[in-house]
Amino acid sequence: MDPVKVNPVHNGVKVRKKRYRTEAKKDMISGYLYIAPFFIIFAVIGLYPVLFSIYLGFQKWNGLSPMTFVGLDNFKLVLTDPLFWKSVYNTIVMGIMGTAPQLVFGIIFAYLLNLAFLKFKNFFRVTIFMPYITSMVAVALIFSVLFSDHESSLANYVLSLAGLDPVHWGSSEWGTKIAISIMVFWRWVGYNTIIYLAGIQSIPNDLYEAATIDGANKFQQLLHITMPMLKPFIVLTVFTSTVGALQLFSEPTVFLGTSAFTRDEAMTIVMYLYRDAFKLQSFGTASATAIILLVLISAFAAINVFLTSGIGRKRRKGQ
Amino acid sequence: MKNREKTRKLSIGRLLVYVFLSLAALLSLFPFYWMFVMATSPSSAYNSIPPTIKPGNLLVENFKKVLNQIDFFQSMWNSFVVCAVVTLVVLFISSLAGFAFAKFQFRGKNILFAGILLTMIIPPQLGLIPQYFLISKAGMLDTLPGVMILFFLNPLGIFLMRQYISESVPDELIEAAKLDGCSNFRIYRSLILPIVLPAFATLGIIVFTASWGEFLWQFTVLRDPENYTIQVALAQLSNTRNVDFGMIMSGVFWATVPLLLVFLFFNRLFISSITDGSVK
């Protein structure tokens, strides 16, 4: 590449051309050297394990005896196991219930937290972000007390004030799912808010000024300026939330405690995988599950990113 | 007339904004407060109807029970060591690579960068089993380095650092340093590092809290209670037969407080660097 092109500042300064050629070479070597640490570590503990996992997906192995090649048997076993499908169902249901509201509330919070007249901005920002600082284990333990089966648990007490029956949060199908989704929502909504806030602040002010002069009200500005300009940030958060939601593990495991791996109300795909590998010593099927998970994550992430990147496009066409 | 009506309408709108945000702040803070209430109350408080919402006076007693169950201080120290090392290593790797991606021209740069981003979609669980055997072969099973090494990979860090460096370090500055005869690494050390310090606050907090809160890998690698990180130790608290909520919440409380203090101390740096870091 012509270095003059890269540094337009020095355009036309011919004297330095020769110097640049060696400079460019030096930069190239430095470039490769500086990114090398990531790639070396990645090769050892990222790429190699992933490839090995894929290989393992076609073997029968208990971790001790020699492996035997079984073709697609592991995949057949997993895909015909009702518990696997239950875990897929659980993961998707809790994923939607826990993350979809997060994205909506994240945008609302970010919009409000950026309003010019708002006082105590920093206080609100910090408090809404604070749950993210706690660990998932801590959150799961706190919520397992808040949402315990007991009639006197705070969640059931609130329900009783509304005249509703107590819910078995830790042992009923929907009780468990709702409690875990609320947990996920509580911990992550502030994180998404901060990302949207960064996005909103990157929108140039003159766009709003021009819109105000044109007579657009606040709501129209939100719909036609803020939202389309936020699109890359929405795509990013939808992507990361989808990936995160499909990897749900700590919350249900800690929330359900000792019974986590023996019950199926909140068994997620990763819990299913973990159970196969480290409870049943069936590393082949666990690896097959991991591969299926990768396919699911790629598919869901692609669909979601495709859907969300359509947001702005439609609007632009309509205008 | 019309003007006054408009201001009144606006102030109702403003009031609603405050009410809504206060409610959100309340819901955000309540579990923390309630954790404190439970941590200071006897386990029986948990059975009372209506539920206790005033702190008790068992702050010390409950914590003593925690100390009987787990080696709390050792676990906190282990977690601290793991997170500190991971954070420093990630900051170093990310800023170095971010600098290269932002300011150097080399063949395959864009593909390599896209490759790094692509690694984000690989679920960490996909490598879990081979990583487990790899760590065990290297003799690092049940050791803190065995826990750390997985967190050294942080594609998001490289992404953030590249963005930050390409926006906040002018090319002219690097050119000038080069004319003065600075080597590239010298430029990194004395030019880039001071400039990216605010971004280090953001990335540092993200990395530190993420590795502090991680559970799956720590839960898989660590066996000996002496090596437990705080998350693994805390998870053990609820595994006892007679669940003592006062004790559990006391453990969670004391494990959460230091992290919250660190965050509150750095939060101005953190939140402002996230929200001001983007282009205006």
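Computed from a predicted model, the values in this text were never measured in an experiment.

Enquirer: Let's hear about the overall build of chain A: which residues, and what values?
Expert: Looking only at helices and strands, chain A has 13 helices and 2 strands in total. Whereas a compact globule of 319 residues would reach a radius of gyration of roughly 20 Å, chain A reaches 26 Å, over 25% beyond that. Each of the three principal axes of chain A carries a C-alpha extent, and together these read 75 × 60 × 40 Å. For chain A, long-range pairs separated by at least 24 residues make up 64% of all intrachain contacts whose partners lie at least 6 apart in sequence. Of the roughly 15000 Å² of accessible surface on chain A, a fraction of 68% belongs to carbon and sulfur atoms. Each charge class in chain A can be summarised by its mean position, and for the 27 positive and 16 negative side chains these summaries are 16 Å apart.

Enquirer: How would you sum up the overall build of chain B? Please name residues and give values.
Expert: What chain B contains, in helices and strands, is 12 helices and 0 strands. Beginning at the N terminus, the succession of helices and strands in chain B can be written as α-α-α-α-α-α-α-α-α-α-α-α. Scaling as 2.2 N^0.38, a compact globule of 280 residues should have a C-alpha radius of gyration of about 19 Å, whereas chain B reaches 24 Å, well beyond that. Scored against the burial criterion, the 280 residues of chain B give a buried share of 50%. Across chain B, contacts joining residues at least 24 apart in sequence account for 71% of those joining residues at least 6 apart. Entry remark: accessible area of chain B is about 13300 Å², with carbon and sulfur atoms responsible for 66%. A distance of 12 Å separates the average location of the 21 positive side-chain charges in chain B from that of its 14 negative side-chain charges.

Enquirer: Can you explain the interface of chain B and chain A? Please cite residues and give values.
Expert: Taken together, the contact pairs 96 residues of chain B with 98 residues of chain A. Between chain B and chain A, roughly 8900 Å² of surface is buried when both sides are summed, and carbon and sulfur atoms account for 78% of that area. Viewed at the interface, chain A and chain B are joined by 1 salt bridge. Across the chain B-chain A interface, the total number found is 12 residue pairs in polar contact (both at pLDDT 80 or more). The greatest single-element share of the side of chain B that touches chain A, amounting to 17 residues, is contributed by helix H1 (residues 2-39) of chain B.

Enquirer: Tell me about the nonpolar core, residues and numbers included.
Expert: In this structure, Phe99, Met249 and Val252 of chain B are the most contacted members of the largest nonpolar core, which totals 150 residues. Looking at this core element by element, the count peaks at 14 residues for helix H3 (residues 72-103) of chain B. Those residues in contact with Val252 of chain B that lie beyond four places of it in its chain are Ala138, Leu141 and Ile142 of chain A together with Met35 and Leu234 of chain B.

Enquirer: Outline the pattern of salt bridges, supporting the account with residue identities and numerical values.
Expert: Tallying each qualifying case throughout the model produces 8 salt bridges over all chains. In this structure, Lys177 of chain A and Glu173 of chain A form a salt bridge, with 2.3 Å as the shortest nitrogen-oxygen distance. Here the residue Lys177 of chain A and the residue Glu173 of chain A both occupy positions in helix H8 (residues 173-201), the gap between them amounting to 4 residues, near one helical turn. The exposure class assigned to Lys177 of chain A is buried, which follows from its relative accessible area of 0%. Across the salt bridge formed by Asp171 of chain B and Lys103 of chain B, the nearest N and O atoms sit 2.9 Å from each other. Highlighted residues: Asp171 of chain B in helix H8 (residues 171-179) and Lys103 of chain B in helix H3, separated in sequence by 68 residues. Take Asp171 of chain B: its relative accessible area is 32%, and that puts it in the partly exposed class. Salt bridges here are not isolated pairs; linked through shared partners, they connect Lys86, Glu173 and Lys177 of chain A.

Enquirer: Hey, could you go over a nonpolar patch on the surface for me, with residue numbers and the actual values?
Expert: All names here are of chain A. Judged by side-chain polarity, Tyr89, Trp174, Ile178 and Ile182 come together as a nonpolar surface patch covering roughly 360 Å² of accessible area. Along the polypeptide, Ile178 turns up in helix H8. Taking the relative accessible area as the measure of exposure, Ile178 reaches 35% and is therefore partly exposed.

Enquirer: Before we move on, could you go through unusual backbone geometry and cite the residues and values that matter?
Expert: The phi angle at Gln281 of chain A is positive, at roughly 55 degrees, despite the residue not being glycine. In this fold, Gln281 of chain A is placed in the loop between helix H12 (269-279) and helix H13 (283-318). Unusually for a residue other than glycine, Asp142 of chain B sits at a positive phi of about 65 degrees. Take Asp142 of chain B: it is sitting in the loop between helix H5 (128-137) and helix H6 (144-148).

Enquirer: Hey, could you go over the side chain of Ser241 of chain A for me, with residue numbers and the actual values?
Expert: Residue and element names in this part refer to chain A. Turning to its location among the elements, Ser241 is positioned in helix H10 (residues 218-246). Given a relative accessible area of 10%, Ser241 falls into the buried group. Discounting chain neighbours no more than four positions away, the residues touching Ser241 are Thr99, Leu103 and Asn192.

Enquirer: Tell me what's going on with the packing of aromatic side chains, and back it up with residues and numbers.
Expert: For any two aromatic rings, the description comes down to two numbers: the centre-to-centre distance and the angle of the planes. This structure, assessed with the given rule, holds 55 aromatic pairs over all chains. On the numbers, 5.3 Å between centres and 45 degrees between planes, the contact of Phe36 of chain B with Phe253 of chain B is tilted. Separated by 217 residues along the polypeptide, Phe36 of chain B in helix H1 and Phe253 of chain B in helix H12 (residues 245-277) bring together distant segments of the chain. Here Phe36 of chain B falls in the partly exposed class, since its relative accessible area comes to 27%. By way of ring pairs, the aromatic residues Trp61, Phe249, Phe261, Tyr274, Phe278 and Phe283 of chain A together with Tyr132, Phe133, Phe215 and Phe219 of chain B are connected into one cluster. Directly above the ring of Trp174 of chain A sits Lys177 of chain A, whose terminal nitrogen or CZ lies 5.6 Å from the centroid.

Enquirer: Let's hear about the confidence of the model for chain B: which residues, and what values?
Expert: Averaged over chain B, the pLDDT score is 86; the fraction of residues at 70 or greater is 91%. Taken over the whole predicted complex, pTM reads 0.82, whereas the ipTM for its chain interfaces reads 0.82.

Enquirer: Describe the packing of H3 of chain B against helix H7 (residues 155-168) of chain B, listing the residues and the values that go with them.
Expert: Residues and elements named next belong to chain B. Put simply, H3 and H7 touch, their axes get as near as 7 Å, and they point 50 degrees apart. Classified by the angle between their axes, H3 and H7 sit oblique to one another. Crossing hand, H3 versus H7: right-handed. Residue-level contacts link Ser94, Ser95, Ala97, Gly98, Phe99, Phe101, Ala102 and Lys103 of H3 to Gly157, Ile158, Met161, Arg162, Ile165 and Ser166 of H7.

Enquirer: Would you mind going over the environment of Asp81 of chain A in detail, with residue names and values included?
Expert: Locating Asp81 of chain A in the fold gives a position in the loop between helix H3 (73-79) and helix H4 (82-113). Side-chain polar atoms of Asp81 of chain A contact the side chain of Tyr272 of chain A, separated by 2.7 Å.

Rules and cut-offs
Residues numbered from 1 in each chain as written. Chains lettered and ligands numbered in written order. Predicted model: local features only at pLDDT ≥ 70, side-chain atom pairs only at ≥ 80, totals over all residues. Heavy atoms only, no water. Helix = DSSP H or I, 4+ residues; strand = E, 2+ residues; numbered from the N terminus. Rg over C-alpha atoms; globule rule 2.2 N^0.38 Å. Contact = heavy atoms within 4.5 Å. Areas by Shrake-Rupley, 256 points an atom, 1.4 Å probe, with all protein chains shown as cover. Lys, Arg positive; Asp, Glu negative; His and termini not counted. Charge placed at Lys NZ, Arg CZ, Asp CG, Glu CD. Buried < 20%, exposed > 50% of the residue type's maximum accessible area, 1.4 Å probe, protein only. Buried area = accessible area lost by both parts, 1.4 Å probe. Salt bridge = Lys/Arg side-chain N within 4 Å of Asp/Glu carboxyl O. Polar contact = N/O pair within 3.5 Å; in protein donor to acceptor, adjacent residues only side chain to side chain. Core = buried A, V, L, I, M, F, W, Y, C linked by side-chain atoms within 4.5 Å. Patch = residues over 30% accessible without salt bridge, like charges linked within 9 Å, V, L, I, M, F, W, Y side chains within 5 Å. Phe/Tyr/Trp six-rings, centres within 6.5 Å; stacked < 30°, edge-to-face > 60°. Lys NZ or Arg CZ within 6 Å of the ring centre and 35° of its normal. pLDDT = per-residue confidence, 0-100. Axes fitted to C-alpha atoms, helices over the stretch in contact; angles between N-to-C directions. Parallel < 35°, antiparallel > 145°, perpendicular 65-115°, else oblique. Left-handed = near helix turned anticlockwise from the far one by under 90°.

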